[in-house]
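Coordinate inspection notes
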Amino acid sequence: MTANEKEKPKRPLLVGEKKGLPLEGFQPPSPPVLKKEARGKHIILSTTNGTVALRRAEAAERTYASSLLNNYCTAKELLKKQNQDITIICAGSGGQFCLEDYYGAGHLISHLTRLDESIELSDAAIGAWKLFEGNQDTVGILQDTAVGKMLKRFGYEKDIIYAANKDIYPVLPIMQPNGWMTNKGSVLNG
Ligand SMILES: O=C(O)[C@H](CS(=O)(=O)O)OP(=O)(O)O
């Protein structure tokens, strides 16, 4: 191998699916697959809604990606700055509202309200919060959604169970000025 070849950046990994079916040349967005395949690589992710929402949020002062897996870290970061508006965008899928995103937003809001009792919520935020607080069977609610049922149909039950884990990652992906999302934004200390 020549020195030049050694320095070559790795090819980005293409990740995506369409209605649960594989796309040619793409890896499925499945945690066990990505744990093996994605380490150290740039990922180009194809989705109908979440990635579009991120792109449209580019004008925001800061844009983060959050889920049940890292919402605590997100809440801590969001509260570092006083007196600011926080907009939570629920990704959806195929142009449709998705209950699991609203539930995930409720989990984030639950952290925010516990960490700062003075926070003011919109009606939509109260709805998400109450949905989360009233439904602690996270795997059950994720399985009941349209996407959950689709994942089950295609044999991705383990992915639902994994996605239902709360706050297991103290990292926060943040959008960089070049539009890429990285986890360099914030890592929770204590
Ligand atoms: O973020 C999206 O657009 C969705 C997320 S999920 O798969 O519905 O959870 O992806 P998509 O592949 O577009 O349905």
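Here, the structure is the one placed above.
Note that this is a predicted model, so its numbers are computed, not measured.

Helix and strand counts for the chain stand at 9 helices and 5 strands. The order of α-helices and β-strands along the chain, N terminus first, is α-β-β-α-β-α-α-α-α-α-α-α-β-β. Computed over its C-alpha atoms, the radius of gyration of the chain comes to 18 Å, within 12% of the 16 Å expected for a compact globule of 190 residues. C-alpha atoms of the chain, sized along the principal axes, occupy 60 × 40 × 30 Å. A buried classification covers 29% of the 190 residues belonging to the chain. Counted over contacts in the chain with a minimum sequence separation of 6, partners at least 24 positions apart contribute 59%. Total accessible area on the chain is roughly 12600 Å²; 54% of this is exposed by carbon and sulfur atoms. For the chain, the centre of its 24 positive side-chain charges and the centre of its 21 negative side-chain charges are spaced 7 Å apart.

Looking now at the site of the ligand. Residues in close proximity to the ligand include Glu-17, Thr-47, Thr-48, Asn-49, Gly-50, Ala-91, Gly-92, Ser-93 and Val-147, which together make up its full environment. For the ligand, an oxygen atom lies 2.5 Å from a polar atom in the side chain of Glu-17. Between the ligand and Asn-49 there is a distance of 2.7 Å, counted from an oxygen atom to a backbone nitrogen or oxygen. When isolated, the ligand has an accessible area of 350 Å², and the protein chains bury 76% of it.

Another aspect to go through is the environment of Lys-158. Along the chain, Lys-158 falls in helix 9 (residues 157-163). Residue classification places Lys-158 among the exposed residues on the basis of a relative accessible area of 70%. Note: C-alpha distance between Lys-158 and Pro-31 (127 residues apart in sequence) is 9.2 Å.

Further remarks concern unusual backbone geometry. One non-glycine residue, Lys-19, lies in positive phi territory at about 50°. Judged by relative accessible area, which is 69%, Lys-19 ranks as exposed. Located in the positive-phi region is Asn-83, a residue other than glycine, with phi close to 50°. You can see Asn-83 is positioned in the loop between helix 4 (71-78) and helix 5 (99-115).

Our next topic: the environment of Ala-38. Mapped onto the elements, Ala-38 comes out in the loop between helix 2 (31-37) and strand 3 (43-46). Setting aside residues no more than four positions away along its own chain, Ala-38 makes contact with Leu-13 and Ile-43.

With that settled, the discussion passes to the packing of helix 4 against helix 5. Where helix 4 contacts helix 5, the axes come no closer than 9 Å and their chain directions differ by 50°. Put simply, helix 4 runs oblique to helix 5. The two elements helix 4 and helix 5 meet at a crossing, and its hand is right-handed. Residues Asn-71, Tyr-72, Thr-74, Ala-75, Lys-76 and Leu-78 of helix 4 form the contact with helix 5, whose participating residues are Gly-104, His-107, Leu-108, His-111, Leu-112 and Leu-115. Taken together, the residues of the contact of helix 4 with helix 5 break down into 6 nonpolar, 5 polar and 1 charged.

Another point: the nonpolar core. Grouped together as the largest cluster of nonpolar side chains are 9 residues: Tyr-64, Cys-73, Ala-75, Leu-78, Leu-79, Leu-108, Leu-112, Leu-172 and Ile-174. Going through the elements one at a time, helix 4, helix 5 and strand 4 (171-175) are the ones with two or more residues in this core. For this core, the element with the highest residue contribution is helix 4, accounting for 3 residues. If we skip the residues at most four places from it in the chain, Ala-75 touches Leu-108, His-111, Leu-112 and Leu-115. Counting 8 residues, the second largest nonpolar core, distinct from the first, contains Leu-131, Phe-132, Ile-141 and Ala-164.

Here strand 1 (residues 13-18) runs beside strand 3; their pairing, made up of 4 bridges, is parallel. Each bridged residue has a counterpart across the sheet, and for Leu-14 the counterpart in strand 3 is Ile-44. Relative to strand 2 (residues 21-22), strand 1 runs antiparallel, the two sharing 2 bridges. Paired with Glu-17 across the bridge in strand 2 is Pro-22. Between strand 1 and strand 2, which follow one another and run antiparallel, lie 2 residues, and Lys-19 among them has a positive phi close to 50°.

Conventions we followed
- Residues numbered from 1 in each chain as written.
- Predicted model: local features only at pLDDT ≥ 70, side-chain atom pairs only at ≥ 80, totals over all residues.
- Heavy atoms only, no water.
- Helix = DSSP H or I, 4+ residues; strand = E, 2+ residues; numbered from the N terminus.
- Rg over C-alpha atoms; globule rule 2.2 N^0.38 Å.
- Buried < 20%, exposed > 50% of the residue type's maximum accessible area, 1.4 Å probe, protein only.
- Contact = heavy atoms within 4.5 Å.
- Areas by Shrake-Rupley, 256 points an atom, 1.4 Å probe, with all protein chains shown as cover.
- Lys, Arg positive; Asp, Glu negative; His and termini not counted.
- Charge placed at Lys NZ, Arg CZ, Asp CG, Glu CD.
- Near = heavy atom within 4 Å.
- Polar contact = N/O pair within 3.5 Å; in protein donor to acceptor, adjacent residues only side chain to side chain.
- Axes fitted to C-alpha atoms, helices over the stretch in contact; angles between N-to-C directions.
- Parallel < 35°, antiparallel > 145°, perpendicular 65-115°, else oblique.
- Left-handed = near helix turned anticlockwise from the far one by under 90°.
- Nonpolar A, V, L, I, M, F, W, Y, C, P; charged D, E, K, R; others polar.
- Core = buried A, V, L, I, M, F, W, Y, C linked by side-chain atoms within 4.5 Å.
- Pairing = 2+ DSSP bridges.

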